[in-house]
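Chain by chain, the residues run as shown.
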Amino acid sequence: MLLNTRTQPGTAPTGRLDRTTFVDTVSHRPGSVILYPGKSDMLYRVASGLVRVHTMDDDGNGLTLRYVKPGDYFGEEALAGLDRQYFAEAVTDSSVDVINPALMSAEDNLVVTTHLVRTLERAYESIYRLVGKRLRARIAGELLELKDTALASIQPSGETMIYATHDELAAAVGSVRETVTKVVGELSREGVISAGYGKITLKDETRLARISAE
């Protein structure tokens, strides 16, 4: 059995993964492409690090669809035998478990489905941010989302520093670097964040949360 889980009536399954039944566990360096669009046959789970799922338009512009954190899955199209329509790339040093759907029991499928439902809920929130909020709010929300990933570190001051470029932020919020740079500058002047080359420090997370809700 791939996933060793025990559930109580009326509760979502929350079990431990039986790692001995995985097909493989693969390490990836930052920037390495884990999956390309095309045929799918395996399911993947991030054991450590951070993975970015993204696509590209006809002009070659990238759009981040979601970040996959430790304990979350990607490659779910393999469960239905569908072709993959996106790229998956390691953002940081990452370790990824490879799972063969053919080895999964009904209980395993329930565990994975529960995780994917939660992923879908987060995707709905991201879509709402993308189409229903101003760029300023989208950037604030994205920074808060990245706060709990491998891209973030806690500074001696207690503040959170996020390692992300303006290009990466632009891909995540559906904008272009020049416009994102302008908004980041505004937030910096207001004292909400401070920005350096490839890194952003969250100076006032309470205000940032209010901005993300605007």
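The text that follows walks through the structure, step by step, so that each part is easy to find.

### With respect to the overall build of the protein chain
When its secondary structure is counted, the protein chain shows five helices and 14 strands. Out of the 214 residues belonging to the protein chain, those deemed buried represent 41%. Accessible surface for the protein chain amounts to roughly 11,400 Å². Of this, 51% is attributable to carbon and sulfur atoms.

### Description of the pairing of strand β6 (residues 51-56)
Judged from the six bridges that link them, β6 and strand β7 (residues 62-68) form a sheet pairing that is antiparallel. Within the sheet, the bridge partner assigned to histidine 54 lies in β7 and is threonine 64.

### Some points on the sheet that holds strand β3 (residues 24-28)
Spatial strand order, β3-β10-β5-β8: four strands in an open sheet with antiparallel pairing. Only two strands of the sheet have a single neighbouring strand rather than two, namely β3 and β8 (73-74). Note that strand β5 (residues 43-48) and strand β10 (residues 94-99) share five bridges and pair antiparallel. Across the sheet, residue serine 48 finds its bridge partner in β10, namely serine 95.

### Describing the pairing of β10
In terms of burial, β10 is a largely internal element, six of the six residues being buried. Neither face of β10 is open: one carries Ser94, Val96 and Val98, the other Ser95, Asp97 and Ile99, and all of them are buried. Looking at chain direction, β3 and β10 are connected through five bridges and run antiparallel. Directly across from threonine 25, in β10, lies its bridge partner aspartate 97.

### Quick look at the pattern of salt bridges
For the coordinates displayed, the defined rule picks out 15 salt bridges. In this structure, lysine 147 engages aspartate 148 in a salt bridge whose closest nitrogen and oxygen atoms are separated by 4.0 Å. Within this structure, Arg134, Arg136, Glu190, Arg207 and Glu214 form a network of salt bridges that share partners.

### Observations regarding the sheet that holds strand β11 (residues 152-154)
Pairing in this open sheet of four strands is antiparallel, and the strands run β11-β12-β14-β13 from one edge to the other. One side of each edge strand has no neighbouring strand; the edge strands of this open sheet are β11 and β13 (193-196). Averaged over all neighbouring strand pairs, the angle between strand axes comes to 20 degrees, with direction disregarded. In terms of strand pairing, β13 meets strand β14 (residues 199-202) through four bridges, oriented antiparallel. Looking across to β14, one finds that isoleucine 193 is bridged to leucine 202.

### Regarding the nonpolar core
Ranked by size, the top nonpolar core spans 25 residues in total, and within it Ile139, Leu143 and Ile193 carry the most contacts. For this core, the secondary-structure elements that each account for two or more residues are α2 (135-146), α3 (166-173), α4 (177-189), β14 and α5 (205-212). For this core, the leading source of residues is α2, giving five residues. Aside from chain neighbours lying at most four places away, what touches isoleucine 139 is Val173, Val180, Val183 and Leu187. One finds Leu35, Val53, Tyr86 and Val96 within the second-largest nonpolar core, a separate group that totals 14 residues.

Definitions and cut-offs
- Residues numbered from 1 in each chain as written.
- Predicted model: local features only at pLDDT ≥ 70, side-chain atom pairs only at ≥ 80, totals over all residues.
- Heavy atoms only, no water.
- Helix = DSSP H or I, 4+ residues; strand = E, 2+ residues; numbered from the N terminus.
- Buried < 20%, exposed > 50% of the residue type's maximum accessible area, 1.4 Å probe, protein only.
- Areas by Shrake-Rupley, 256 points an atom, 1.4 Å probe, with all protein chains shown as cover.
- Pairing = 2+ DSSP bridges.
- Salt bridge = Lys/Arg side-chain N within 4 Å of Asp/Glu carboxyl O.
- Axes fitted to C-alpha atoms, helices over the stretch in contact; angles between N-to-C directions.
- Core = buried A, V, L, I, M, F, W, Y, C linked by side-chain atoms within 4.5 Å.
- Contact = heavy atoms within 4.5 Å.

Everything listed here is a matter of geometry and, on its own, says nothing about what the molecule does.
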